[in-house]
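A closer look at the structure
Here are the chains, one letter per residue:
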Amino acid sequence: MYDYDLLVVGSANADLVIGVERRPAAGETVLGSDLTVHPGGKGANQAVAAARLGARTVLLARVGDDAYGRLLLDSQRAAGVDTVGVLVGGAPTGVALITVDPSGDNSIVVSPGANGRLMPEDVRAAGSLFQASRVVSAQLEIPLETVVEVVRNLADGSRFVLNPSPPRPLPREVLAACDPLIVNEHEARVLIGSGAGPEPEDWARDLLAMGPSSVVITLGEQGALVAQRAGARVRVPSVRVEAVDTTGAGDSFTAALAWRLGRGESLAEAAAYAARVGAVAVTRHGAQESFPTAEEVAALCCAFPGDNPRTPGRKSGSEGLPGEPSRGEFQ
Ligand code: RIB
């Protein structure tokens, strides 16, 4: 029996967000909205997303001994995340500078700060959390050697989920532990390199050859492609919503998928549920503030004007798979 459904190892950032009519090109200055500050960071986002859905969640991260660090700790605790693994001090809290345009798309620059001081020895010192967690999830806003140490500390029988964002080449040891590796097109192309083929099925084949047991490729309004080394390729449809801000929606997708895998769902079932979670998230501003409860995910059938929960052939509740094209993407 595990104490936690999910251990998230990763970053925690203060998100400094400005809305803009259009994101600036190189050398350009644009005027934007008033600045708002939100709790963010890919690791902290995943932890809040999972906890809000009902997962027993614990976060291993590092924040600064400063106001942004307290903002992040407060947000984790309010969502019900166990913060026993959040280390404080060593550098200022990580900061993300984010611009969001009217379509909901964003550009992000991260100053890692304390995230860059989450070290392999911090992972080793948290060994009891690894033993107590059914699924472990990580991203790449922390040092790569720390992610390597994460896979070396996985408990027998636990499952490892990685979203390699921001992407960089990964050691075979990390890739081989992934079940699944979750990537968007950009991340897939960086990992595969210049020989990447034109189709998602090509990327899935090439990524599986690098070692993961399974791969999930998120494809925006084309949904997602789920591929297992010993199984068929399955397309998961997207969910039709009106997007206002995509920030953090990919983190909520990964968290939801990791949690549902731990509950025994197939990869395709978990990805379908995760697509619904991400779809709700893009309809709201911010990252952590946008993540839904399980009840809100179940109500998604009514999120778009004209949607009818009694449409023939459409299932209701968390297992449903709306099959229409999306107006907004969450990756
Ligand atoms: O994935 C979204 C997150 O990326 C933001 O919250 C920001 O902090 C960056 O880490």
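Right above here is the structure, for reference.
In what follows, the accompanying structure is described. (Residues numbered from 1 in each chain as written. Predicted model: local features only at pLDDT ≥ 70, side-chain atom pairs only at ≥ 80, totals over all residues. Heavy atoms only, no water.)

1. Quick look at the packing of aromatic side chains
For any pair of aromatic rings, the description consists of the separation of the ring centres together with the inter-plane angle of the planes. For the coordinates displayed, the defined rule picks out one aromatic pair. Ring plane angle 65° and centroid distance 6.3 Å describe the contact between Trp259 and Tyr273, whose orientation is recorded as edge-to-face. Placement of the pair is Trp259 in helix H9 (residues 249-262) and Tyr273 in helix H10 (residues 267-281), with a sequence separation of 14 residues. Both residues of the pair, Trp259 and Tyr273, belong to the buried class. (Phe/Tyr/Trp six-rings, centres within 6.5 Å; stacked < 30°, edge-to-face > 60°. Helix = DSSP H or I, 4+ residues; strand = E, 2+ residues; numbered from the N terminus. Buried < 20%, exposed > 50% of the residue type's maximum accessible area, 1.4 Å probe, protein only.)

2. Remarks on the site of the ligand
Taken together, the residues surrounding the ligand are Asn13, Asp15, Gly40, Gly41, Lys42, Asn45, Ala96, Ile108, Glu141, Gly248 and Asp251. A distance of 2.5 Å is found between an oxygen atom of the ligand and a side-chain nitrogen or oxygen belonging to Asp15. Taking 280 Å² as the accessible area of the ligand by itself, protein coverage stands at 96%. Contributions of two or more residues to the shell around the ligand are made by strand S2 (13-19) and helix H1 (42-53). In terms of residue class, the shell around the ligand is made up of two nonpolar, five polar and four charged. (Near = heavy atom within 4 Å. Polar contact = N/O pair within 3.5 Å; in protein donor to acceptor, adjacent residues only side chain to side chain. Areas by Shrake-Rupley, 256 points an atom, 1.4 Å probe, with all protein chains shown as cover. Nonpolar A, V, L, I, M, F, W, Y, C, P; charged D, E, K, R; others polar.)

3. What to know about helix H5 (residues 144-152)
Residue pairs three or four apart in sequence face the same way in an α-helix, which turns once every 3.6 residues. Counting buried positions along H5 yields seven of nine residues, so the element is predominantly enclosed. Inspection of H5 places Leu144, Thr146, Val147, Val148, Glu149, Val150 and Val151 among the buried residues, and these make up the whole buried set.

4. Some thoughts on the packing of H1 against helix H2 (residues 67-79)
For the pair H1 and H2, interaxial distance at closest approach is 8 Å and the crossing angle is 20°. Put simply, H1 runs roughly parallel to H2. Crossing angle aside, the handedness with which H1 passes H2 is left-handed. Touching Ala44, Ala47, Val48, Ala51 and Arg52 of H1 are Leu72, Ser75, Gln76 and Ala79, all from H2. For the contact of H1 with H2, a count of residues per class yields six nonpolar, two polar and one charged. (Axes fitted to C-alpha atoms, helices over the stretch in contact; angles between N-to-C directions. Parallel < 35°, antiparallel > 145°, perpendicular 65-115°, else oblique. Left-handed = near helix turned anticlockwise from the far one by under 90°. Contact = heavy atoms within 4.5 Å.)

5. Some remarks on the environment of Arg235
Tracing the sequence through the fold places Arg235 in strand S13 (residues 233-236). For Arg235, a relative accessible area of 41% puts it in the partly exposed group. The sequence separation of Arg235 and Thr93 amounts to 142 residues, and the corresponding C-alpha distance is 39 Å. Discounting chain neighbours no more than four positions away, the residues touching Arg235 are Pro200, Glu201, Leu219, Gln222, Ala224 and Leu225. Of the polar contacts made by the side chain of Arg235, one reaches the side chain of Glu201; its length is 3.3 Å.

6. Re the sheet that holds strand S10 (residues 178-183)
An order of S5-S4-S1-S8-S9-S10-S11-S12-S13 is seen for the nine strands of this open sheet, with the pairing classed as mixed. In this open sheet, the two strands that pair with only one neighbour each are strand S5 (82-88) and S13. Looking at each pair of strands side by side, their axes are set apart by 15° on average, direction ignored. The sheet contact formed by strand S1 (residues 4-9) and strand S8 (residues 133-138) spans five bridges and is parallel. Residue pairing in the sheet places Tyr4 in a bridge with Ser133 of S8. Where H9 meets the sheet, it contacts S1, S8, strand S9 (159-162), S10 and strand S11 (214-218), and its direction lies at approximately 160° from that of S10. (Pairing = 2+ DSSP bridges.)

7. Some details on the nonpolar core
Within soluble globular proteins, side chains that are nonpolar generally end up buried alongside one another. Counting 53 residues, the largest nonpolar core has Leu53, Leu59, Val216, Phe253, Leu257 and Tyr273 as its most contacted members. Looking at this core, the elements with two or more residues in it are S1, H1, strand S4 (57-63), H2, strand S12 (224-228), H9 and H10. Counting 41 residues, the second largest nonpolar core, distinct from the first, contains Ile142, Leu175, Ala196 and Trp203. (Core = buried A, V, L, I, M, F, W, Y, C linked by side-chain atoms within 4.5 Å.)

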